[in-house]
Amino acid sequence: MTRPLLAGSVLAALAAVLVLLSGVLGPETQAVALLGTALGGALGLVPDRPPAQRAGAFAAGLAAAWVGYALRAAVLPDAPSGRAVAVLLVVLACTLLAAGTRGALPLWATLLGAAALAGAYEAAYSADPSGVVATSPAAATTVLLAAGAGFVATALLDALSGGRERAASAPPEPHPDAPTRADDDVAHGHAAPQWSAPRPLQHTQES
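Residues numbered from 1 in each chain as written. Predicted model: local features only at pLDDT ≥ 70, side-chain atom pairs only at ≥ 80, totals over all residues. Heavy atoms only, no water.

## A short note on the confidence of the model for the protein chain
Line of reasoning, step 1. On average, residues of the protein chain carry a pLDDT of 84, and 77% of them reach 70 or more.
Line of reasoning, step 2. With pLDDT under 50 throughout, residues 203–207 is counted as low confidence; its partners more than four residues away or in other chains account for zero contacts. (pLDDT = per-residue confidence, 0-100. Contact = heavy atoms within 4.5 Å.)

What follows is the structure, given as structure tokens:
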């Protein structure tokens, strides 16, 4: 119960701070503060693969979505058929990344990255498809900033809480003066027999 409350509180504070800092970080920050921190928080909270692999998969999915927008602007028609082909290619690219790396880049994390750029940039792209090269970097940078803040915060919280749980579940250290198992065996007559070195034969008078 403590972990979700702590993680949710930190993410809420981060999202609020990003909105308040939109005058410095750019007006796009207000629109993607919740989206980025929520996706970054999910990326940090899911205990699947090391954090570096999750972050790499997120970035790869975001790059696949950017390529999809570039294809829409360059070769695909601005119609439902063109959008459908772009969505198909982006999801297939995420799937091939996960399969090609044998799961080192998990599919769910690549899909989160693709969703991050789509949520942050779709409206701006629809307003000006020909300006994808000029307008997409700002959207990608802004959502990466918000997602990175949420990811780092929740990953650190998860590492700290995991360390405390491991410390709590570890067996207590024995007291230096506590009797050992060998002492207990001796006390109960279960000690292993002590073999003494063979004594030399004594020469008898007959020999």
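## Comments concerning the nonpolar core
Line of reasoning, step 1. L43, F58, L62, Y69, L117, Y121 and V143 are the most contacted members of the largest nonpolar core, which totals 26 residues.
Line of reasoning, step 2. Contributions of two or more residues to this core are made by α3 (28–45), α4 (51–74), α5 (80–100), α6 (107–127) and α7 (132–169).
Line of reasoning, step 3. Broken down by element, this core gets its largest block of residues, eight residues, from α6.
Line of reasoning, step 4. The residues touching F58, leaving out its near neighbours within four places in the chain, are L39, L43, A109, L112, G113, A116, L144 and A147. (Core = buried A, V, L, I, M, F, W, Y, C linked by side-chain atoms within 4.5 Å. Buried < 20%, exposed > 50% of the residue type's maximum accessible area, 1.4 Å probe, protein only. Helix = DSSP H or I, 4+ residues; strand = E, 2+ residues; numbered from the N terminus.)

## A closer look at the environment of S136
Line of reasoning, step 1. Among the secondary structure elements, S136 is positioned in helix α7.
Line of reasoning, step 2. The class for S136 is buried, based on a relative accessible area of 0%.
Line of reasoning, step 3. Linking S136 and Y125, residues 11 residues apart in sequence, is a C-alpha distance of 7.8 Å.
Line of reasoning, step 4. Excluding anything up to four places from it in sequence, S136 contacts W66, Y121 and G131.
Line of reasoning, step 5. Within the structure, the side chain of S136 is placed 2.7 Å from the side chain of W66, a separation counted as a polar contact. (Polar contact = N/O pair within 3.5 Å; in protein donor to acceptor, adjacent residues only side chain to side chain.)

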